[in-house]
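Coordinate analysis (summary)
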Amino acid sequence: MKKKLRIGIIDLVSKGPTKALWAKVMFANLASIMPQVLGVWCEEEGHDVTFICYTGFENLIEELPKDTDIVFIGAFTQSAQLAYALSNLLRSKGMITAIGGPHARCYPQDAQKYFDYVLGFTDKEIVNQVLYDCSPHRPTGIYASARTQPASLPGVKERWKFIEPTMQKAPLIKIVPMLASIGCPYTCSFCIDAEVPYQQLNLELMKEDFRFLLTKYKRPRVGWHDPNFGIKFDDCMNAIEEVVPEDSIDFIGESSLSILTEPHMKRLKRNGFKALLPGIETWYDLGNKSKSGQNKGLDKVHQVSEQINMIMNYAPYLQANFVLGLDTDEGEEPFELTKKFIDLSPGAFPGYSLLSAFGEAAPLNLEYQQQNRVIPFPFHFLDNNGAMNIKTKNYSFTEFYDRIIDLTKYTFSTRAIARRFKQNKFSIPGWMNVVRAVSMEGYGRIKHFTQVKELLETDRKFRMFFEQETDEVPEFYVNKIKKDLGDLWQWLPAGAINHDQNAYLKSVSQPKLMAV
Ligand code: B12
Ligand code: SF4
């Protein structure tokens, strides 16, 4: 007979204990869908589930029942060190541990050192196999992955048992996570979805979820977790229009500019789309994604700005995403063009990501590893801003940091913040932009980048790490991890600060998939 298991599921939103106001207000809204899905699947099999969305305020150990058999941890790479420490502690108490999520997809070999199971693409069958086996696998955990992304996932109604307590942790704004599709038809070579086929998920389920949500909140807010929302635009909008009274749910979504045309914007506005996060990425490449065709440089800035301003006539909040440090960037021009964009589209909030190679996430990462350009910054800093783990092609690190400091200062100057606020019509989204600017994202990053730049100039050992002359992680970074992990630092296994930055390259010749 099948054994009934006591299962713990932890969604690591925070990478350590925190008291930050931003974390208190927003972290529960950054929760992932898959840990909730896992909860549904485990209960369907008759097991008992304890679910924790870790926002940095919970005591993880106290919240887990002492007799838990197996704990699944969902982690981004930025939470890897926390996940490793936690796994070590849980194993010391006799529990089996499993990890899934972006970190497990990107760095499976490293995670296998610290977990009994490491899961890539995860469907119900894979989870059932793990639960059936449920035994220690040490020193090297088992890696298991479905061949593709699952064809369907439990919706909001089924996940509600896990969504509700998570939403209770969000005191002001509550954003319910949903998915309309998985994968993306575009093939941006730096992206984790470049090779994941696009799949529209079940629209009937989506409609049922809207009906359900409207019974739970007066005016629900939905955050779409689709990598690119609205690829099948008419199908999605028809589904919304069929069951949601006009403009009665607020939606937030990440869509490419090619989807955000004026006729589409009119329809999005009618249906309550309040916040959009299009990716511009660079002024030199990826024209298919932004519909800018062959347009590059200043021409692309003008064309994109015009479109962004049009979009903002319909949706009050817009974050325009950029990747800094791509190989196509050279000299001051890319940075000056972004400043020009800020002048031309003052209402948009620019979201910058330093080019990062997340292990085996993207096809381009193999090239970086072949060229020996990946620097083994501890995972804790791989959040698109804490560190850039690729040696830039056309800049020295000091020049690059000079330029990103200059651009960040320009973006969050008093003048730019005030213009953005005015353009946002002094609204709640406008206030959120101001808070983001004067807290971690604006001023916080200027401080961090400036510290890094100073250390590059004054500390030889620090610079040697950037120049790949040593693998010894600078004290600056070690101390930060120590501080962020708090009490869990003592549980971080020896060597867990380091990783093999070329593991992907080494693994391509060895088959990785093993049956459980
Ligand atoms: C939606 C999204 C967000 C949303 C929602 C985040 C969330 N909690 O899910 C928001 C905007 C909040 C966000 C924020 C961030 N994001 Co984000 N985000 C995405 C995006 C576009 C889609 C992810 C998604 O939900 N896919 C659909 C699901 C079903 O598929 P999946 O993620 O592949 O999951 C499969 C498996 O991994 C597995 N699985 C997933 N989770 C779990 C958990 C368990 C326990 C198990 C067993 C299995 C499992 O099952 C799934 C089915 O096969 C991806 C890029 C992309 N195109 O995928 C980036 C991505 C995941 N984000 C990324 C980053 C870096 C961030 C931020 C750090 C950015 C920042 N500086 O703030 C933050 C971190 C937030 C956090 N919670 O810690 C990186 C992660 C890289 C990495 N290795 O860590 C990605 C890959 C983008 C990139 N740069 O390449 N993000
Ligand atoms: S459009 Fe966005 S989600 Fe799609 S491949 Fe490009 S970066 Fe990834």
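Scope of this entry: the structure provided in the associated data block. (Residues numbered from 1 in each chain as written. Chains lettered and ligands numbered in written order. Predicted model: local features only at pLDDT ≥ 70, side-chain atom pairs only at ≥ 80, totals over all residues. Heavy atoms only, no water.)

1. Overview of the pattern of salt bridges
- On inspection of all chains with the given rule, the structure shows 33 salt bridges.
- For Glu-467, the salt bridge identified is with Lys-391, shortest N-O distance 3.4 Å. One end of the pair, Glu-467, is in the loop between helix 20 (460–466) and helix 21 (475–485); the other, Lys-391, is in the loop between helix 15 (363–370) and helix 16 (397–411), and 76 residues separate them in sequence.
- Classification of Lys-391 as partly exposed rests on a relative accessible area of 25%.
- The partner of Glu-399 in a salt bridge is Arg-403, and the shortest N-O contact between them spans 3.0 Å. (Salt bridge = Lys/Arg side-chain N within 4 Å of Asp/Glu carboxyl O. Helix = DSSP H or I, 4+ residues; strand = E, 2+ residues; numbered from the N terminus. Buried < 20%, exposed > 50% of the residue type's maximum accessible area, 1.4 Å probe, protein only.)

2. Thoughts on the site of ligand 1
- Taken together, 30 residues are adjacent to ligand 1, and Leu-30, Ser-32, Arg-105, Gln-149 and Asp-193 come closest.
- Within the backbone of Leu-30, a nitrogen or oxygen atom sits 2.7 Å from a nitrogen atom of ligand 1.
- Contacts to ligand 1 include Thr-122, whose backbone N or O atom sits 2.8 Å from an oxygen atom.
- Here the shell around ligand 1 gets 3 residues from one element, more than from any other, and that element is helix 5 (residues 102–106). (Near = heavy atom within 4 Å. Polar contact = N/O pair within 3.5 Å; in protein donor to acceptor, adjacent residues only side chain to side chain.)

3. Some thoughts on the environment of Val-118
- Here Val-118 shows up in strand 5 (residues 117–119).
- For Val-118, a relative accessible area of 0% puts it in the buried group.
- Distance from Val-118 to His-103, taken between C-alpha atoms, is 9.6 Å for residues 15 residues apart in sequence.

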